[in-house]
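# Survey of secondary and tertiary structure
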Amino acid sequence: YDCGIWKAKKAAEMKLRPVDAIWVRKWKKKQDGTIVIKSRLCARGFLDSQVSQLNTRATTATKLSQKLLLALSQIFKLELESWDVSGAFLKGFPFKEIEKKLKTKGMSAPKREVSIRPPPDVWQHLKEIEKEKTGRSSGMFNIPTNQLWYYVLDCIKAMYGLNDAPLAWQLALQ
């Protein structure tokens, strides 16, 4: 199963030290009063051994810019919209594509190699998602519990928590 974000690999095959990841949970109250719990797997990007080599410049609006935009929309009677893209950082370009795009803009980018050591329960979730999406199991995520430490997720794209995730998403929008 290739979700386009990562692949399971043996940690010993990776050249660089893996970055650990954690679950970040958010409790949201819906209008009807029910509570929904959303979980996001986040890499602890400050542990990325390539962090000092990364071009992380991604434009974001400052609070002043946001307030100015709101004020001008009122003055000129303009209608504003706000969008939320579910899983935005997972929809950015793959690392190889980022490298090409940055080179065309005259910027340097390292050949990215980043692997994630996820919490142990992630493997079971990935196995279930694979079966749900494809109707079968490729065996990629069938890792015995006593072997979990020896496997990592080799990232194809940036994910939440990695310092170059905002840039990957911004480049995908252009």
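First things first, this report covers the structure right here in the doc. (Residues numbered from 1 in each chain as written. Predicted model: local features only at pLDDT ≥ 70, side-chain atom pairs only at ≥ 80, totals over all residues. Heavy atoms only, no water.)

## Looking at the layout of surface pockets
- Approximately 1100 Å³ is the volume attributed to the largest pocket.
- In terms of lining residues, the largest pocket is bounded by 32 residues, among which S39, R40, G87, L90 and Y160 are the most central.
- Those elements giving two or more residues to the lining of the largest pocket turn out to be β2 (19-29), β3 (35-43) and α3 (121-134).
- At 6 residues, the largest contribution of residues to the lining of the largest pocket is made by α3.
- By residue class, the composition of the lining of the largest pocket is 18 nonpolar, 5 polar and 9 charged.
- Counted as a void, the second largest pocket has a volume near 380 Å³.
- Lining of the second largest pocket is provided by 16 residues; of these, K96, K111, R112, D154 and C155 occupy positions nearest its centre.
- Counting residues per element, the ones that place at least two in the lining of the second largest pocket are β1 (6-10), α2 (95-104) and β5 (151-155).
- Counting residues per element, the lining of the second largest pocket draws most heavily on α2, which supplies 3 residues. (1 Å grid on protein atoms, 1.4 Å probe; cavity = no way out; pocket = protein on both sides within 12 Å on 5 of 7 lines; lining within 4 Å. Points joined across faces, edges and corners; volume = space filled by probe spheres on them. Helix = DSSP H or I, 4+ residues; strand = E, 2+ residues; numbered from the N terminus. Nonpolar A, V, L, I, M, F, W, Y, C, P; charged D, E, K, R; others polar.)

Note that all results are geometric; they support no functional claim without further evidence.
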